Amino acid sequence: MEVLQTTKVGVTVARDYRTASVFQKYGIDFCCKGGLSIEDACKRKEVDKDEVLTAISEILAADGSSGDDFNSWPLDKLADYIEQKHHRYVTEQTPILLQFLEKLCRVHGSRHPELFDIESEFNYVARELAMHMKKEELVLFPAVKKLAEANQNDDKNIAFGSIQAPIQTMMQEHDIEGERMVKIAGLSDSYAAPADGCTTYRIAFQMLKDFEEDLHKHIHLENNILFPKALELEIEIQG
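Below, the structure is looked at part by part. Note that this is a predicted model, so its numbers are computed, not measured. (Residues numbered from 1 in each chain as written. Predicted model: local features only at pLDDT ≥ 70, side-chain atom pairs only at ≥ 80, totals over all residues. Heavy atoms only, no water.)

**Observations concerning the packing of helix α8 (residues 164-187) against helix α9 (residues 199-238)**
At step 1: In the contact formed by α8 and α9, the axes pass within 11 Å of each other and the chain directions differ by 160 degrees. Relative to α9, the element α8 is oriented roughly antiparallel. Two packed elements cross with a definite hand, and for α8 against α9 that hand is left-handed. Here Q164, I167, M170, M171, H174, M181, V182, I184 and A185 of α8 lie close against α9, whose contacting residues are L208, F211, E212, L215, I219, E222, N223, F227, L231 and E234.
At step 2: In terms of residue class, the contact of α8 with α9 is built from 13 nonpolar, 3 polar and 3 charged. (Axes fitted to C-alpha atoms, helices over the stretch in contact; angles between N-to-C directions. Helix = DSSP H or I, 4+ residues; strand = E, 2+ residues; numbered from the N terminus. Parallel < 35°, antiparallel > 145°, perpendicular 65-115°, else oblique. Left-handed = near helix turned anticlockwise from the far one by under 90°. Contact = heavy atoms within 4.5 Å. Nonpolar A, V, L, I, M, F, W, Y, C, P; charged D, E, K, R; others polar.)

Structure below.
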């Protein structure tokens, strides 16, 4: 338990994704704020550290698979997976959600004015994530794949600009969009449709919740696995 409490939240989830459910339960950010130790994260959220550590220890001790072991994947495979799975999800879901939110504002906005703020915030999320993903797909991911290829071919003479600056930029943008989704969750009472909400209302809020959960995993895979491993590999190859 003593070792576990000093382990970073993101590292814990990277080792076994099942532990993400514990952090979600206690409102601890395991993607954008994954660099905090479990002890420090619990202090920030003012939750019982021992309770969190016990829950995590029980999961780690239990039999069963945590799903795909992304931590062991080659970097080029992981980059492709993120693009094909999570980038595609964002691209497909944002126009549907924007359409739903526009309808909710039109039909229910007079009784629930918070819907206009939710729509406005999600418009920002949709627009910024679209630009963010393009930068990853056109610049950062190809650079990561080039590093992976050089490592596979034992090529120590690879020459291109450092990926440290673009990674820092991507992580800063993750923080911004993560905070926007936190704001949307607050405005929507954690995606709980009101008593007078129609079926479209409930569906839209469930889709927003699903979108946030997918974004958490998306950012986790980049911040806690892909990016640090790519930086380590760059140092190993070019250092």
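Next comes the rest of the description.
**Here we look at the pattern of salt bridges**
At step 1: Evaluated as defined, the whole model comprises 12 salt bridges.
At step 2: Residue E121 pairs with K183 through a salt bridge whose shortest N-O separation is 3.2 Å. Within this pair, whereas E121 is found in helix α7 (residues 114-152), its partner K183 is found in helix α8, the two being separated by 62 residues in sequence.
At step 3: By relative accessible area, which is 13% here, E121 ends up buried.
At step 4: For K183, a relative accessible area of 46% corresponds to the partly exposed category.
At step 5: R127 serves as the salt-bridge partner of E128, at 3.9 Å between the closest nitrogen and oxygen.
At step 6: The partly exposed category is assigned to E128, whose relative accessible area is 28%.
At step 7: Accessibility expressed as a relative area gives 41% for R127, which makes it partly exposed.
At step 8: Look at the salt bridges and you will find they share partners, linking E121, E177, R180 and K183 into a network. (Salt bridge = Lys/Arg side-chain N within 4 Å of Asp/Glu carboxyl O. Buried < 20%, exposed > 50% of the residue type's maximum accessible area, 1.4 Å probe, protein only.)

**Digging into the environment of E234**
At step 1: Position of E234 relative to the elements: it lies in helix α9.
At step 2: Judged by its relative accessible area of 7%, E234 is buried.
At step 3: Taking C-alpha positions, E234 is 25 Å from F30, a pair spaced 204 residues apart along the chain.

**A few points about helix α5 (residues 49-61)**
Residues spaced three or four apart along an α-helix face the same direction, because each turn holds 3.6 residues.
At step 1: A rise of 1.5 Å per residue sets the reference length of α5, with its 13 residues, at 18 Å; its end C-alpha atoms lie 18 Å apart and thus fit the reference within 8%.
At step 2: Every buried residue belonging to α5 is among V52, L53, A55, I56 and I59, and all of these are buried. What you see down the axis of α5 is that its buried residues fit within an arc of 160 degrees, all on one side. Opposite its buried face, α5 presents the exposed residues E58 and A61, each directed more than 90 degrees away. (Expected span 1.5 Å × (residues − 1). Arc of directions from axis to C-beta.)

**Some details on the nonpolar core**
At step 1: F23, I38, F122 and L208 are the most contacted members of the largest nonpolar core, which totals 44 residues.
At step 2: Contributing elements (two or more residues each) for this core: α2 (9-15), α3 (20-25), α4 (38-45), α5, α6 (75-108), α7, α8 and α9.
At step 3: For this core, the element with the highest residue contribution is α9, accounting for 8 residues.
At step 4: With residues up to four places along the chain from it excluded, the contact list for I38 reads L4, Q5, T7, V9, T12, F23, V52, L53 and I56.
At step 5: Core analysis: the next-biggest nonpolar cluster, separate from the first, contains 25 residues, A14, Y81, A150 and L226 among them. (Core = buried A, V, L, I, M, F, W, Y, C linked by side-chain atoms within 4.5 Å.)

In short, geometric facts, not functional conclusions.
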